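Coordinates in review
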Amino acid sequence: MGHIDHAVHGWVTPAISYLAACLGALLALRSTRWALLTEGRTRRNWLTFASISLGLGIWSMHFIAMLGFAVRGAEIRYNVPLTVLSLVVAILVVGAGIFTVGYSSRPVGSLLAGGVATGLGVAAMHYLGMAAMRVSGTIAYDTTTVAVSVGIAIFAATAALWAALNIQGTAAVLAAAPVMGVAVCAMHYTGMTAISVQLSAVRTTPPGVIGLQFVFPLAVGLGTYVFSSALAFAVAPSKQTGRPSVFLGPAAPLTVRAR
């Protein structure tokens, strides 16, 4: 059995991956709140923006965290098509959940349905990302731990959608995003504890690319996306009509100022 090391880079990779998850949650919460204050094409655009933000944040968190994962005595590489597919799955399924709560006339039911769908999507992204991992050996999973990680993903997704529907104001969003970041990271690291690796007797270099080859394009992409997000919020309308919170009762009209 190969020795698995989850902390090759100490606290650095977990901290950076957590920040990526928080950033994705922050942008998603803020843009979903903008969507709920608008109608028509504008709402659709903001919900799309939220879906990309949360999906990209979760995916980035996963692959940054994977830089801190190693199997001693073996080189880890990644299959590029599967890695890209995991990003597409993250955005599409997270988007399905966000659009469900963004347009449904039955908020409680849509919240539960959207939370389950989004949580399963997050889990699918994680395990697709793991399926993209190439190592000279065999990877196995503990089914109980996998089930627990999926449960955490569903809980985290439901909480994220609830926050998007109910939390108003910049201070509240800033407080909610780190909590969501903790939930996303909890799912990832729980899922990682389910892994065991049986190394082959003959060690070969597996096909694919090393994890560090993702870092530079990922950093450039995230930086560009964050800058674009800031511009989008800066030019957003300064005032919209508020929408009642799902569980907190009717809300007063919300005045939103561009930031």
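These remarks concern the structure in this document.

Rules of the game
Residues numbered from 1 in each chain as written. Predicted model: local features only at pLDDT ≥ 70, side-chain atom pairs only at ≥ 80, totals over all residues. Heavy atoms only, no water. Buried < 20%, exposed > 50% of the residue type's maximum accessible area, 1.4 Å probe, protein only. Helix = DSSP H or I, 4+ residues; strand = E, 2+ residues; numbered from the N terminus. Pairing = 2+ DSSP bridges. Axes fitted to C-alpha atoms, helices over the stretch in contact; angles between N-to-C directions. Parallel < 35°, antiparallel > 145°, perpendicular 65-115°, else oblique. Left-handed = near helix turned anticlockwise from the far one by under 90°. Contact = heavy atoms within 4.5 Å. Nonpolar A, V, L, I, M, F, W, Y, C, P; charged D, E, K, R; others polar. Polar contact = N/O pair within 3.5 Å; in protein donor to acceptor, adjacent residues only side chain to side chain. Phe/Tyr/Trp six-rings, centres within 6.5 Å; stacked < 30°, edge-to-face > 60°.

1. What to know about the pairing of strand β6 (residues 195-199)
Here β6 shows a clear split, with Ile195, Val197 and Leu199 buried on one side and none of Ser196 and Gln198 buried on the other. Two elements, strand β5 (residues 137-141) and β6, share five bridges in a ladder whose sense is antiparallel. Bridge pairing in β6 links Tyr141 to Ile195.

2. Topic: the packing of helix α5 (residues 143-166) against helix α6 (residues 170-192)
Where α5 contacts α6, the axes come no closer than 8 Å and their chain directions differ by 165°. With respect to α6, the element α5 is oriented roughly antiparallel. The crossing of α5 and α6 is left-handed. In this structure, α5 contributes Thr145, Val148, Ser149, Ile152, Ala153, Ala156, Ala160 and Ala163 to the contact, and α6 contributes Met180, Ala183, Ala186, Met187, Thr190 and Gly191. Here the contact of α5 with α6 is built from residues that sort into 10 nonpolar, four polar and no charged.

3. Quick word on the side chain of Arg77
Its location among the elements puts Arg77 in strand β3 (residues 77-78). At 3.2 Å, the side chain of Arg77 forms a polar contact with the side chain of Glu75. Filtering out sequence-adjacent residues up to four positions away, Arg77 remains in contact with Ala132, Met133, Arg134, Thr205, Pro206, Pro207, Gly208, Val209 and Ile210.

4. A word on the packing of aromatic side chains
Per the counting criterion, the structure on display carries six aromatic pairs. With a centroid separation of 5.0 Å and 50° between ring planes, the pair formed by Trp59 and Phe63 is classed as tilted. Taken together, the residues Trp59 and Phe63, both in helix α2 (residues 40-65) and four residues apart, mark about one turn of the helix. Like Trp59, the residue Phe63 is buried in the burial classification. Owing to a relative accessible area of 5%, Phe63 belongs among the buried residues under this scheme.

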